[in-house]
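Below, each chain spelled out in residue letters.
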Amino acid sequence: MTVDVLIVGAGPAGLTAALVLARAGRDVLVLDGGPGRNAPAAHSHNVFTREGASPTELRRIGRTQAESYGARFLEQEAVRAEADEDGVRVQLADGSEMKTRRLLLATGVEDLLPEIPGVAEAWGETVVHCPYCHGFELRERPTAVLDAGEKGVHLSGLLLGWTDHVTLCCGPDRLSGDERQRLTGLGVDIDERPVAALGVEGRDVRTVVFEDDSQIDATAVYIQPDQRPRGPLPDALGLEHTELGHVRVDEFMRTSAPGVSACGDVTSPMQAVQIAASSGFTAAAFLNNDLIDQGRTYTG
Ligand SMILES: Cc1cc2nc3c(=O)[nH]c(=O)nc-3n(C[C@H](O)[C@H](O)[C@H](O)COP(=O)(O)OP(=O)(O)OC[C@H]3O[C@@H](n4cnc5c(N)ncnc54)[C@H](O)[C@@H]3O)c2cc1C
C-alpha cells in the first residue's frame, strides 16, 4: 500500500496537517500511537476559540474533522522507517509495512521527569512546566521552582506575574552573584537546601521536603524537565538534530532525510498546542506543493 503522505502522530501538529492535506485532495493516513504530551493535564489553555478544552476533546474534534475530508486513521505505532529517493518505507508495531511518497513526523517529545518522589504523581496538575499553560489556575499560590540552572532563574522571575510567593529551590552554590542579586531584588526567595521529595496528596502538591527533613509550603511547583523526541523514528531515519536535540527542519519543515518532513514539538523549543498546529499547517502546505507532480488523488 502506498499513500501520498503518512503522518505519524495524531496530536495538534499531525491533526492539523491531516486536515490541510485531506482538504487539498491528498491521500492521507495518520498513525495514532497513543496519548499526546499534555494527556496528564485536564485542560488546554491559550487555544484559539477552545480555551480550556480537554486535550482528549481537542484530539477527538481534530480527528473527526480530518476524517470528514477523507483522512484515514490507524491506531498503530510506527517502529522503523527508511527513506530514499523513491519514497519512505515504514514498519508498524504489528509487523506490517507501508510505503509513502512523503512521511510527516508529528511525533512530539517525551518529558523526562526528575526522579524526585511526588513529581510524577502531581505532574500536569500542580507540578507543571509552563506558566502560560498553568499559571492562571495556580495563581497566588506559594510556588516553588525546582531548577538549578539558567531556566530556573528565568522562570522564577517570570512567575512573579502570577504570584508574589516564589521560592527557587536551586541546591547549594548553584547561583552566580549576579543571579542571586537579581532574584533577591525581584522578591524571589532562594532556598539552597537539597530537595528530597514533594509532599503530595493525590494530584495536589503541598510541600517541598528537603534532605534534612525540613520543608516549606508549596501548592504549585514548576520544573523544567529535559526532553527527547518521542519514539524511535528520528534516530531510525538518522535525522539531523539541533543543539537542543530537536529534529532539524528547514523553513519548509523538511528534515535532512529525503521525503521526510517534521512538525510540532519535535522540531522546536517553542511548544504549545497552537504553535504545533501552525507548524503542521506549514508542513502540510509545502508537502502538498512537493507532490504537484503526483497529480490529484482525491476520489470522494
Ligand atoms: C502537562 C502539560 C500540559 C500542557 N498544557 C498546554 C496548554 O494548556 N496549552 C498549550 O498550548 N500547550 C500545552 N502543553 C504543550 C502541548 O501539549 C504540546 O505543545 C502539544 O501537544 C504538541 O503537539 P504535537 O502534535 O507536536 O505533539 P503531541 O501532542 O505530543 O502528539 C504526538 C503524538 O504522536 C504520537 N506518536 C509518537 N511517536 C509515535 C509513533 N512512533 N507511532 C505512532 N504515533 C506516535 C504520540 O503518541 C502522540 O499522540 C502542555 C504540555 C504538557 C506536558
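About the cut-offs
Residues numbered from 1 in each chain as written. Predicted model: local features only at pLDDT ≥ 70, side-chain atom pairs only at ≥ 80, totals over all residues. Heavy atoms only, no water. 1 Å grid on protein atoms, 1.4 Å probe; cavity = no way out; pocket = protein on both sides within 12 Å on 5 of 7 lines; lining within 4 Å. Points joined across faces, edges and corners; volume = space filled by probe spheres on them. Helix = DSSP H or I, 4+ residues; strand = E, 2+ residues; numbered from the N terminus. Nonpolar A, V, L, I, M, F, W, Y, C, P; charged D, E, K, R; others polar. Phe/Tyr/Trp six-rings, centres within 6.5 Å; stacked < 30°, edge-to-face > 60°. Buried < 20%, exposed > 50% of the residue type's maximum accessible area, 1.4 Å probe, protein only. Lys NZ or Arg CZ within 6 Å of the ring centre and 35° of its normal. Pairing = 2+ DSSP bridges. Contact = heavy atoms within 4.5 Å. Axes fitted to C-alpha atoms, helices over the stretch in contact; angles between N-to-C directions.

Would you take a moment to explain empty space enclosed by the protein for this structure?
Empty space among the atoms becomes apparent when a probe as large as a water molecule is rolled across them. Overall, the coordinates contain one cavity of 30 Å³ or more when judged by the stated rule. For the largest cavity, the calculated volume is near 40 Å³. Val109, Gln227, Arg228, Pro229, Leu244, Gly245, His246 and Val266 are the residues that line the largest cavity. Ranked by residue count, the leading element in the lining of the largest cavity is strand S16 (residues 226–229), at three residues. For the lining of the largest cavity, the class distribution of residues is four nonpolar, three polar and one charged.

So what exactly am I meant to see when it comes to the packing of aromatic side chains here?
By convention here, two paired aromatic rings are described through the distance between centres and the angle between planes. Per the stated rule, a full pass over the model turns up two aromatic pairs. When the centroid spacing of 5.6 Å and the interplanar angle of 90° are considered together, the rings of tyrosine 132 and tryptophan 162 count as edge-to-face. Pair noted here: tyrosine 132 is in helix H4 (residues 131–134) and tryptophan 162 is in the loop between helix H5 (150–158) and strand S10 (166–169), with a separation of 30 residues, a long-range link. Using a relative accessible area of 52% as the deciding quantity, one classes tyrosine 132 as exposed. Measuring from ring centre to ring centre gives 4.4 Å for phenylalanine 252 and phenylalanine 286, while their planes differ by 50°; the resulting arrangement is tilted. Remark: phenylalanine 286 occurs in helix H8 (residues 273–290) and phenylalanine 252 occurs in the loop between helix H7 (233–236) and strand S17 (260–262); sequence separation between them is 34 residues. Taking the relative accessible area as the measure of exposure, phenylalanine 252 reaches 26% and is therefore partly exposed. The exposure class of phenylalanine 286 is partly exposed, given its relative accessible area of 33%. A cation sits over an aromatic face here: arginine 139 above phenylalanine 136, 3.9 Å from the ring centre.

Looking at this structure, how should I read the sheet that holds strand S9 (residues 143–146)?
Backbone hydrogen bonds are what pair the strands of a sheet, in a parallel or an antiparallel way. One open sheet holds the five strands; their spatial order is S8-S15-S9-S10-S11, and the pairing between them is parallel. Looking along the sheet, the strands with just one partner apiece sit at the ends: strand S8 (127–128) and strand S11 (189–191). Here S9 pairs with strand S15 (residues 220–223) via four bridges, running parallel. From the neighbouring strand, leucine 146 faces S15, where its bridge partner is isoleucine 223. Packed on one face of the sheet, H5 meets S9, S10 and S15 and runs near 175° to S10.

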